[in-house]
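Each chain is listed here by its residues.
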Amino acid sequence: FFFLYSSSIQYGGFIHLHGAMPTVSHHSSASRLMPCSQSTGHGPGSSSAGHAKLLSLSNRTRAAGRRPSLPPNRPHFERFEHRGEGRDAIERGALLFSEVVGARRLREGVGCGASSSETAAAPSSLRLELPYGDRTITLETGEVGRQASGAIIATDGETVLYTTACSDNDFASDGSFAPLQINYTERFSAAGKTSGSFFKRDSRQKENEVLVSRLVDRPLRPMIAAGWPHSVQVLQWVLSYDFEHSPEPLAITAAGAALALSDVPMKKAVAGVRVGRVDGQFVVNPTVAQMESSTLDLIMAGTRDAVLMIEGFCDFLTEDEMLKAIRLGQEAIAQQCAAIEVWAADLGKEKRTEDLKSPPEGLDEIITQQIGAEIEDAYRTISLKKVRGEAVAIIKEKVKESLILADGETQETHPGKYDATTVSMALKRVESRIMRNLVLREGYRADGRGIRDVRPIWSRASMLPRTHGSALFTRGETQAIAVTTLGCKESAQRVDSMGSEQDEERRFYLQYFFPPSSVGETGRVGAPGRREIGHGNLAERALVPIVPSERAFPYTIRVESTITESNGSSSMASVCGGCLSMMDAGVPIDRMVAGVAMGLILEPDGSFVVLTDILGSEDALGDMDFKVAGDDNGVTAFQMDIKVEGITLEIMER
């Protein structure tokens, strides 16, 4: 088989197996593949008896020490145009391959001349066309990746994305979080390019691939059914790229469709779009050429009812204009989701719901009765994050001994006790409920602020003597050291990606560092993780609109942000510190930019409270993290992540 494969590569042909016998076809549009059941009907390929005759001939030939020769009629080879020794080599290899396959099929009692009812049909695809701005995209399933739980080929113009979704039988989660992994890859070959690396192979994820993986992850995670314990992996490859239709929003829609078809229980279908602003008009899913002149780059995802995720960068867009763009994008998303849900209901697999973990009835009430008042008192009286956390941990230990099963105990013999994981999840729910009720009922926050108050801010410039520019920015218990370094053209960051131009370089970039010591812990250090890459990109894009042109300031600008303390919104602290350090380095900026994170407490009855400048606990126990950067007149960057089934535009207006 290796001989056959290498020969076919060398001489420009390929092997197509249908039934028992291969067909070799030249790589030209005039060539066609001929299944053996459709051959001329003469020669050994037309029946099982013919296979036996062919095998007997080959065995005798090998016994005589000669290579097997092809029978003169050669019914299995169509329109192969090569001549001479190379063609004979391929034909001999095909014959050897036929012997192996023919022998197997004879053992199974199946011949090449079997009727069509006994021959497996070629895989075919089922298509769904979705509205996509001023054009349509196509989702296909059923032909490629049939062993995956859900597989989609998504096409926009000549941009093609292959997506699979699979779930495992493990128990990777205790039900308190969704064990979801997204891996998005852009193949250089999709754009007719080869990697510039030494090995010439697409290997570890590049920065842009990490950013797109995060874009896909964030809207899908809250849509997986609560209590799902199994690992879920979504893999995506850009297989063709036409430099006109960007794959990022297509990746969100394809991933949502693959999960909708899979056995993973999803609450609702998810889709994504991009919104631009060209010549003063909002455009849904603009082309790459249109985005070059756009003053807005908004990628958003949602369901047919609500918004799940937004991430956008703009040139000081007003809040009203931003809301108009979100409203337009949500309308397009709703159309896609409605169509995907109907499609998945018809073609999708049965959902695996038997392993969903639900909290034991009455356990939360027992914990609240025993220690609820003490936890509430800790939130009312202790404003420092670390001290409050230690106090709450001591309170929780009081109930663990009476509620957690000891070694050798079972729930059958001790019905009032539970495993440690179940009790820990219940303690987290009780703490979250207490914190949320304080905010909803009284507008009281853990550090004593009102819902609209910003924490105290201190800043200091030129803190480092030998850097070009530096600043220390502190907001409450969140702190960042920002450093700006100026350089020549050789200091620019080179870009090597599927969609990059040759020798493309970035003259402004921000790098974000989050050491474990910033939260008083030990942990991994080294190459940046996905979170660091995402936070750094958000802060960088927030500052891009104030970077002077190369003609006005012909220097490369590199900003580093090292987080030294963290208790909420360190990426927005990087925006503030980065702007200060650029000013300290003498970068001539016309407008100053700052950033803040907003939070949300949303109840099932529709009541909600919006929080300004959220703490880490309000992020962890709340329902939304909405980061916004800009100045007092406009917005430069925004990013929203939520943990519920979406928020309405009315809430976003608030």
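Residues numbered from 1 in each chain as written. Predicted model: local features only at pLDDT ≥ 70, side-chain atom pairs only at ≥ 80, totals over all residues. Heavy atoms only, no water.

Focus: the overall build of the protein
Here is step 1: Within the protein, the regular secondary structure consists of 14 helices and 23 strands.
Here is step 2: A separation threshold of at least 6 residues defines the contact pool for the protein, and within that pool the share at least 24 residues apart is 69%.
Here is step 3: If you sum the accessible surface of the protein, you get close to 31,100 Å²; carbon and sulfur atoms cover 51% of it. (Helix = DSSP H or I, 4+ residues; strand = E, 2+ residues; numbered from the N terminus. Contact = heavy atoms within 4.5 Å. Areas by Shrake-Rupley, 256 points an atom, 1.4 Å probe, with all protein chains shown as cover.)

A short note on helix α10 (residues 420-442)
Here is step 1: Taking 1.5 Å per residue as the helical rise, α10 with its 23 residues ought to reach 33 Å, and the 33 Å between its terminal C-alpha atoms agrees with that figure.
Here is step 2: Two to three positions downstream of the cap, the backbone nitrogen of Thr 421 sits 3.1 Å from a side-chain oxygen, assigning the N-cap of α10 to Asp 419.
Here is step 3: Where α10 ends, the next residue or the one after it, Gly 443, has phi of about 65 degrees, a positive value. (Expected span 1.5 Å × (residues − 1). Polar contact = N/O pair within 3.5 Å; in protein donor to acceptor, adjacent residues only side chain to side chain.)

Comments concerning the packing of helix α4 (residues 207-220) against helix α5 (residues 248-261)
Here is step 1: Axis separation between α4 and α5 bottoms out at 9 Å; the angle between their running directions is 40 degrees. The orientation of α4 with respect to α5, classified from their angle, is oblique. Remark: the crossing between α4 and α5 carries right-handed chirality. Between α4, through Val 212, Leu 215, Val 216, Pro 219 and Leu 220, and α5, the contact on the second element is made entirely by Glu 248, Ala 251, Ile 252, Ala 255, Gly 256 and Leu 259.
Here is step 2: Classifying every residue of the contact of α4 with α5 gives nine nonpolar, one polar and one charged. (Axes fitted to C-alpha atoms, helices over the stretch in contact; angles between N-to-C directions. Parallel < 35°, antiparallel > 145°, perpendicular 65-115°, else oblique. Left-handed = near helix turned anticlockwise from the far one by under 90°. Nonpolar A, V, L, I, M, F, W, Y, C, P; charged D, E, K, R; others polar.)

Observations regarding empty space enclosed by the protein
Here is step 1: The full count for this structure, using the stated rule, is four cavities of 30 Å³ or more.
Here is step 2: For the second largest cavity, the full set of lining residues is Leu 211, Arg 214, Arg 218, Glu 311, Gly 534, Asn 537, Leu 538 and Gln 639.
Here is step 3: Among the secondary structure elements, those contributing two or more residues to the lining of the second largest cavity are α4 and α11 (530-543).
Here is step 4: Split by residue class, the lining of the second largest cavity holds two nonpolar, three polar and three charged. (1 Å grid on protein atoms, 1.4 Å probe; cavity = no way out; pocket = protein on both sides within 12 Å on 5 of 7 lines; lining within 4 Å. Points joined across faces, edges and corners; volume = space filled by probe spheres on them.)

Section: the environment of Ala 471
Here is step 1: Position of Ala 471 relative to the elements: it lies in strand β14 (residues 469-475).
Here is step 2: Classification of Ala 471 as buried rests on a relative accessible area of 0%.
Here is step 3: Distance from Ala 471 to Thr 484, taken between C-alpha atoms, is 8.9 Å for residues 13 residues apart in sequence.
Here is step 4: Discounting residues that sit within four places of it in the chain, Ala 471 has contacts with Arg 460, Ala 461, Met 463, Ala 480, Ile 481, Ala 482, Gly 577, Leu 580 and Ser 581. (Buried < 20%, exposed > 50% of the residue type's maximum accessible area, 1.4 Å probe, protein only.)

Let's talk about the sheet that holds strand β6 (residues 159-167)
Here is step 1: The mixed open sheet is built from six strands, whose spatial order is β3-β4-β5-β6-β8-β7. Strands at the two margins of the open sheet, each flanked by one partner only, are β3 (126-132) and β7 (180-186). Strand-to-strand, the axes of this sheet are offset by a mean angle of 20 degrees, without reference to chain direction. (Pairing = 2+ DSSP bridges.)

Section: the confidence of the model for the protein
Here is step 1: On average, the protein scores 82 in pLDDT, and the residues at 70 or more come to 81%.
Here is step 2: Note that residues 1-87 has pLDDT below 50 and, in this model, 138 contacts with residues that lie over four places away or in other chains.
Here is step 3: Under a pLDDT of 50 for its full length, residues 89-117 has, in the predicted model, 59 contacts with residues more than four places off or in other chains. (pLDDT = per-residue confidence, 0-100.)

Examining the nonpolar core
Here is step 1: Residues Ile 310 and Met 652 are the most contacted members of the largest nonpolar core, which totals 81 residues.
Here is step 2: When residues no more than four places from it in sequence are discounted, the contact partners of Ile 310 are Arg 218, Leu 298, Ile 299, Met 300, Ile 326, Phe 626, Phe 638, Gln 639, Met 640 and Met 652.
Here is step 3: Core analysis: the second largest hydrophobic core is formed by 30 residues, Phe 316, Ala 542, Ala 573 and Ala 585 among them. (Core = buried A, V, L, I, M, F, W, Y, C linked by side-chain atoms within 4.5 Å.)

Re the packing of aromatic side chains
Here is step 1: Tallied over the entire structure, the rule returns four aromatic pairs.
Here is step 2: Considering the side-chain rings of Tyr 162 and Trp 237, the 5.3 Å spacing of their centres and the 20 degrees angle between planes classify their relative orientation as stacked. Of this pair, Tyr 162 sits in strand β6 while Trp 237 sits in strand β8 (residues 232-240), placing them 75 residues apart in sequence.
Here is step 3: Taking the relative accessible area as the measure of exposure, Trp 237 reaches 21% and is therefore partly exposed.
Here is step 4: Between the aromatic rings of Tyr 241 and Phe 243, the centroid separation amounts to 4.9 Å while the plane-to-plane angle is 45 degrees, which identifies the pairing as tilted.
Here is step 5: Exposure remark for Tyr 241: the relative accessible area of 12% places this residue in the buried category. (Phe/Tyr/Trp six-rings, centres within 6.5 Å; stacked < 30°, edge-to-face > 60°.)

Quick word on unusual backbone geometry
Here is step 1: Non-glycine residue Asp 279 carries a positive phi angle of around 55 degrees.
Here is step 2: Secondary-structure assignment places Asp 279 in the loop between β9 (271-278) and β10 (281-284).
Here is step 3: We classify Asp 279 as exposed; its relative accessible area is 73%.
Here is step 4: A positive phi angle is found at Asp 613, which is not glycine, with a value near 55 degrees.
Here is step 5: Relative to the helices and strands, Asp 613 is located in the loop between β21 (608-612) and α13 (616-621).
Here is step 6: Given the relative accessible area of 0%, Asp 613 is considered buried.

Overview of the sheet that holds strand β12 (residues 307-317)
Here is step 1: Spatially, β10-β9-β11-β12-β23-β22-β20-β21 is the arrangement adopted by the eight strands of the open sheet, whose pairing is antiparallel. Two strands lie at the open edges of the sheet, namely β10 and β21, each paired on one side alone. Here the strands of the sheet are splayed against their neighbours by 15 degrees on average, with no regard to which way each runs.
Here is step 2: Where β9 and β10 come together, four bridges link them in antiparallel fashion. Among the inter-strand pairings, Gly 276 is bridged to a residue of β10, identified as Val 283.
Here is step 3: On the sheet, α10 packs against β20 (594-602) and β21 and is oriented at approximately 100 degrees with respect to β20.

A closer look at the side chain of Arg 475
Here is step 1: With respect to the element layout, Arg 475 can be found in strand β14.
Here is step 2: Beyond its immediate chain neighbours, meaning those up to four positions away, Arg 475 contacts Val 454, Arg 455, Pro 456, Ile 457, Ser 569, Met 572, Ala 573, Cys 576, Gly 595, Val 596 and Asp 613.

Comments concerning the environment of Val 483
Here is step 1: Note that Val 483 resides in strand β15 (residues 478-487).
Here is step 2: Given the relative accessible area of 9%, Val 483 is considered buried.
Here is step 3: When the C-alpha atoms of Val 483 and Leu 472 are compared, they prove to be 9.0 Å apart, with eleven residues separating the residues in sequence.
Here is step 4: When neighbours within four sequence positions are excluded, Val 483 is seen to be in contact with Leu 464, Thr 467, Gly 469, Ser 470, Arg 558, Val 559, Glu 560 and Ser 581.

Observations concerning the environment of Arg 436
Here is step 1: Within the secondary structure, Arg 436 sits in helix α10.
Here is step 2: Looking at Arg 436, the relative accessible area reads 6%, which means it is buried.
Here is step 3: Considered as a pair, Arg 436 and Leu 600 are 164 residues apart in the sequence and their alpha carbons are 9.7 Å apart.
Here is step 4: In this structure, Arg 436 is in contact with Ile 601, Leu 602, Glu 603, Leu 621, Gly 622 and Asp 623, ignoring residues within four places of it in sequence.

Observations regarding the packing of helix α8 (residues 363-381) against helix α9 (residues 385-403)
Here is step 1: Between α8 and α9, the least distance of the axes is 10 Å, while the angle of their chain directions is 155 degrees. As summarised for this structure, α8 and α9 are arranged roughly antiparallel, according to the angle between their axes. The chirality of how α8 crosses α9 is right-handed. Mapping the contact onto sequence places Leu 363, Ile 366, Ile 367, Gln 370, Ile 371, Glu 374, Ile 375, Ala 378 and Tyr 379 in α8 and Arg 388, Val 392, Ile 395, Lys 396, Lys 398, Val 399, Ser 402 and Leu 403 in α9.
Here is step 2: The class makeup of the residues in the contact of α8 with α9 is eleven nonpolar, two polar and four charged.

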